[in-house]
Amino acid sequence: MRKSIYSCIAALAVVSGANADVKVGNPMAMTGPIPDLVAPMALAVDLAEKHINEQGGMFASGEEYVIVRADSMCDPVASVDAVTKLINVSGVVGIVGPVCSGATIAQAESVAIPAGVVTLSVSASAPAISNMETGTDLMFRTAASDAYQGVALAELALANGLTDLSVSYANDDYNAGLAEVFAEHYAANGGKIHLNEAHEPNKASYRSEVATLGANTENLALFAYYGSGGITLMRNAMETAAFSTFLGADGMLAQEVIDQLGAENLGQATFTTSTSDESTHGYAMWKALATVAGLNPLGPFVPNSYDATFMMALAVEHAGSADRDLIATSLRAIANAPGEIILPGEWAKAKKILAAGGDIHYNGGSGPQDFDANGDVAGDFSASVVQDGAWVGKIIK
Amino acid sequence: MDQLIGYFLYFCSLLAVGGIYSLIALGLNVQWGFAGLFNVGIAGFVSIGAYTYALLTTDTSPLHYGGLGLPLAVGIVAAMIASGLISAIIGVICIRLRSDYLAIATIGIAEIIKLVLKNNSEITNGPRGINKIPRLWENFTEERFYNDWPMSWFASAETWQSIFSSLPRWWWQPCFALSIIIAVYVVYKLLEKLRLSPWGRMMTAIRENEPAAHAAGKNVTGRRIEAFILGSMIMGLAGAVLAMHLRLIEPTNTFDPSKLTFLVWVMLIAGGSGNNRGAILGSFLIWVIWSASEIVINVGIDVIGDFTNIHVGILSTRAGYLRMLLIGLLLQYILQKYPLGILPESRPTASSKT
């Protein structure tokens, strides 16, 4: 046992010391509660890596851009361990990820910020991340905060004529945060909330919750993950005809929902997710690249993953060397105006401009990706309904 | 050089987390190894310790109660006391249950504790959790500590700032790991003394043959409750140190039974239940397997990719699951090879006194 551990560490030392390449850490929730959502995101990260290496690699010497993937399991303990290994054993220059907000905050506060390493999360949307730093500027994300999605959903509800509803949210950090923002904005703008209750995820039956909530209204705002109770709750609601209209966020936006509940029963279900504005050049470029690679260009947080990977590489290229201390300033420089517009996939063009000492401004497939003072970005959201047995989204303006 | 420092810091983190699991395993050993109490509610006691420490030592925050900003030592002691108190109440109610029933009761109690912590959002910030928990040694670099006593007795704020900026960024990590190891050593020494004392011998007698111990006039229930409380206090201490290490705790994923309760039981059984050294050995061994398996799987996939023609893309996406498979197989191997644990319990013999 001990011998095999030693030989593995020796092999690792050999393998890692072999070539001088630029390593970026990518902790994603490969196992855990949402593997189906994370798999396309990981493919988008790999796609960005491929494009960069195909179009000349990093720096004048053409070093390889290597994404080191780790499993954060959507769990603070595992993500702290995974990022410790990425930063100390693999020696990465920055972190692209993780996926879940709890994992992101834990690894940032426990490992990344003390080590001075930039974290660029692909999908962590907790409002708490905006103000989590004091005195450092190392926390960025390419996904809009829940603070915006909750507001967008509330406005959608009012625009659709839902003047009263009940709210049920799964008692975890993502859904509870979203429900709170939604309820506040909806009530502040004239909507009436009859009941606002948490439910425990992963229960076998939600009949009692549905009966309580459905007493006074036909409309339900549901914040849950489809795989850990969301589908069960909707099924119980439909069986007892407690609700006719469902509203919710991206935890419920999966094909599995249609497969299990039946498209004919989901006529009045609308779920929002973060999306890209399809009228932008950035999205058009991204859509072409994604279609060639066989990815769904509008998959949840898939364009955000591509953008984050690409922007990290641009930041390292802008900094001129794989030096952790320079990444934060470079990240802001390449993401924000002024500069020549760079779209997804235009690595060779960006590299030439940076080599000549110019400035660039990246506009991504998921949005313009301009960082504000807190490292956050604004975002667009879409509302999806079932059409012909699949979710079809329309952007909310 | 940087690479070597990196390996050293990873080694420090293995020591730190292995040490935290060792403390939990030592606490469990008091309950299971000494007293034969089948406690499957470890996550509950660890979470009480962690939350007590977090609520007492963080800065004031609008999101949760307090943040009383008390010194770290107060937080740690309070964590142990809180865990001990709650376990006293539970012990008085449940201790008469036989092994399987005690297991069921403690599982239920652990879930109740976590749900109470999750749903009292005004006090604990609910599922969003508490962050910015101060970590021993690293807290000295934070402004609210060096501006205040006792650090301000020794030097002014500017002096402290210049001292810290002259140290390398990671200076506190080996200090933190060493502190945990010292804590494990101290707890180990105390428990060894306890085991070899008359109290320890009485616990063994109660565990092996309860009617006989009863007949000899020993207060079996009282002793069992004592062991339960002592084990829980050590778990509370471990919870406080876990909160320090993670700096963010939340009630759903951090205290997930499959990673906390189940893993600690495997550590204790694999290392040797009843043997304090076994508890420590089992913890470090299983944790190193758990953590290093990710590196092993990734290196393995790279090696397969480099030396054969197999396309490794499919393997990389499944690396997380392959790792779970590897851990499961290794655990199976260890438990089959050492059914009594790697270091089985050693009872002091009659001649060892002389």
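About the cut-offs
Residues numbered from 1 in each chain as written. Chains lettered and ligands numbered in written order. Predicted model: local features only at pLDDT ≥ 70, side-chain atom pairs only at ≥ 80, totals over all residues. Domains from an automatic or database assignment. Contact = placed C-beta atoms within 7 Å. Nonpolar A, V, L, I, M, F, W, Y, C, P; charged D, E, K, R; others polar. Pairing = 2+ DSSP bridges. Helix = DSSP H or I, 4+ residues; strand = E, 2+ residues; numbered from the N terminus. Axes fitted to C-alpha atoms, helices over the stretch in contact; angles between N-to-C directions. Parallel < 35°, antiparallel > 145°, perpendicular 65-115°, else oblique. Left-handed = near helix turned anticlockwise from the far one by under 90°. Buried ≥ 20, exposed ≤ 12 C-beta atoms within 10 Å, placed from the backbone. Right-handed = clockwise from strand over helix to strand, strands pointing away. Core = buried A, V, L, I, M, F, W, Y, C linked by C-beta atoms within 7 Å. Expected span 1.5 Å × (residues − 1). Bend = angle between axes of the 7 residues up to and from the residue.

### Side note on the domain arrangement of chain A
Residues and elements named next belong to chain A. Assigned domains within chain A: domain 1 (11-144 + 280-362) and domain 2 (147-273). Tallying the contact residues gives nine residues for domain 1 and 13 residues for domain 2. Broken down by class, the residue content of the side of domain 1 that touches domain 2 amounts to six nonpolar, two polar and one charged.

### As for the sheet that holds strand S6 (residues 164-170) of chain A
Residues and elements named next belong to chain A. One open sheet accounts for seven strands, arranged S7-S6-S8-S9-S10-S13-S14; its pairing is mixed. At either margin of the open sheet sits one strand with a lone partner, and together these are strand S7 (192-199) and strand S14 (390-396). Neighbour-to-neighbour, the strand axes of this sheet turn through a mean angle of 25°, independent of strand direction. With three bridges joining them, strand S9 (residues 245-248) and strand S10 (residues 269-275) adopt parallel strand pairing. Paired with Gly248 across the two strands is Phe271, which belongs to S10. Sheet contacts for helix H5 (residues 146-159): S6, strand S8 (219-223), S9, S10, strand S13 (380-387) and S14; angle to S10, the most-contacted strand, approximately 145°. Contacts from helix H6 (residues 173-188) reach S6, S7 and S8 within the one sheet, and its direction differs from that of S6 by about 165°.

### Section: the packing of helix H14 (residues 276-307) of chain B against helix H16 (residues 319-337) of chain B
Residue and element names in this part refer to chain B. Running from N to C, H14 and H16 point in directions that differ by 125°, and their axes come no closer than 9 Å. With respect to their mutual orientation, H14 and H16 come out oblique. Read as a crossing pair, H14 and H16 show a hand that is right-handed. Residues Ile289, Trp290, Ser293, Glu294, Ile297, Asn298 and Ile301 of H14 lie in contact with H16, whose contacting residues are Ala319, Leu322, Arg323, Leu326, Ile327 and Leu330.

### Quick word on the pairing of S14(A)
Residue and element names in this part refer to chain A. Examined bridge by bridge, S13 and S14 share seven bridges and lie antiparallel to one another. Residue pairing across strands places Val385 opposite Val392, the latter belonging to S14. Connecting S13 to the next strand, S14, in antiparallel fashion are two residues, including Asp388 with a positive phi near 50°.

### A word on the domain arrangement of chain B
All names here are of chain B. Domain assignment breaks chain B into domain 1 (18-254) and domain 2 (258-354). On a C-alpha basis, the centres of domain 1 and domain 2 stand 24 Å from each other. At the interface, 21 residues of domain 1 touch 19 residues of domain 2. Of all the secondary structure elements, the ones that give two or more residues to the side of domain 1 that touches domain 2 are helix H1 (2-34), helix H2 (42-57) and helix H9 (172-195). Top element by residues in the side of domain 1 that touches domain 2 is H1. It accounts for ten residues. Taken together, the residues that form the side of domain 1 that touches domain 2 break down as 14 nonpolar, five polar and two charged.

### Here's the deal with the packing of H1(B) against H14(B)
All names here are of chain B. Contact geometry of H1 with H14 gives a least axis separation of 8 Å together with a crossing angle of 140°. Put simply, H1 runs oblique to H14. H14 is crossed by H1, and the crossing has right-handed handedness. On H14, the residues that touch Leu14, Val17, Gly18, Tyr21, Ser22, Ala25, Leu26 and Asn29 of H1 are Asn276, Ala279, Ile280, Gly282, Ser283, Phe284, Trp287, Val288 and Ser291.

### Re the interface of chain A and chain B
How big an interface is tends to be reported as the loss of accessible area on association of its parts. Taken together, the contact pairs 39 residues of chain A with 41 residues of chain B. Those elements that place two or more of their residues in the side of chain A that touches chain B are helix H1 (2-16), helix H2 (35-54), strand S2 (65-71), helix H3 (76-89), helix H4 (101-115) and H6 of chain A. When residues in the side of chain A that touches chain B are grouped by element, the largest group, nine residues, is from H3(A). When its residues are assigned to classes, the side of chain A that touches chain B shows 22 nonpolar, nine polar and eight charged.

### Overview of the pairing of S10(A)
Put simply, side chains in a regular strand alternate between the two faces of the sheet. All names here are of chain A. The buried fraction of S10 is high, at seven of seven residues. Neither face of S10 is exposed, since Ala269, Phe271, Thr273 and Thr275 on one face and Thr270, Thr272 and Ser274 on the opposite face are all buried. Note that the unit made of S9, helix H9 (residues 255-261) and S10 has a crossover that is right-handed. Two strands pair when backbone bridges link them, and S10 and S13 are joined in this way by five bridges, in the antiparallel orientation. Counted as the bridge partner of Phe271 is Ser384 from S13.

### Some details on unusual backbone geometry
Note: most residues except glycine have negative phi, and most peptide bonds are trans. The step from Gly97(A) to Pro98(A) runs through a cis peptide bond, and the omega angle for that step is -15°. Tracing the backbone shows Pro98(A) in the loop between strand S3 (95-96) and H4. Along the chain, Ala337(A) connects to Pro338(A) via a cis peptide bond; the corresponding omega equals -5°. Along the polypeptide, Pro338(A) turns up in the loop between helix H12 (327-335) and strand S11 (340-342). Phi is positive for Gln369(A), which is not a glycine, with a value near 55°. Assignment of secondary structure puts Gln369(A) in the loop between strand S12 (360-362) and S13. Given 26 C-beta atoms within a 10 Å radius, Gln369(A) is considered buried. Within the chain, Asn125(B) stands out as a residue other than glycine whose phi angle is a positive 65°. As for its placement among the helices and strands, Asn125(B) is situated in the loop between helix H5 (121-124) and strand S1 (130-131).

### Examining the nonpolar core
Ranked by internal contacts, the top residues of the largest apolar core, which has 223 residues, are Met311(A), Leu23(B), Ile24(B) and Val46(B). Apart from the residues lying within four places of it in its own chain, the contact partners of Leu23(B) are Ala183(B), Val184(B), Val187(B), Ile234(B), Leu237(B), Ala238(B) and Val241(B).

### Side note on the environment of Gly161(A)
Residues and elements named next belong to chain A. Along the polypeptide, Gly161 turns up in the loop between H5 and S6. You can call Gly161 exposed: it has 8 C-beta atoms within 10 Å. Distance in space between the C-alpha atoms of Gly161 and Gly191 is 9.7 Å, their sequence separation being 30 residues.

### Section: the environment of Ile20(B)
All names here are of chain B. For Ile20, the position within the fold is in helix H1. Residues Ile20 and Pro251 lie 231 residues apart in sequence; the distance between their C-alpha atoms is 18 Å. Contacts of Ile20, omitting those with residues within four sequence positions, involve Ile180, Ala238, Val241, Leu242 and His245.

### Side note on H4(A)
Residues and elements named next belong to chain A. Counted at 1.5 Å a residue, the expected span for H4 with its 15 residues is 21 Å, and the 20 Å between its end C-alpha atoms agrees. The largest bend along H4 measures about 50° and falls at Ala108. Looking one or two places after H4, you find Gly116, whose phi comes out positive at around 75°.

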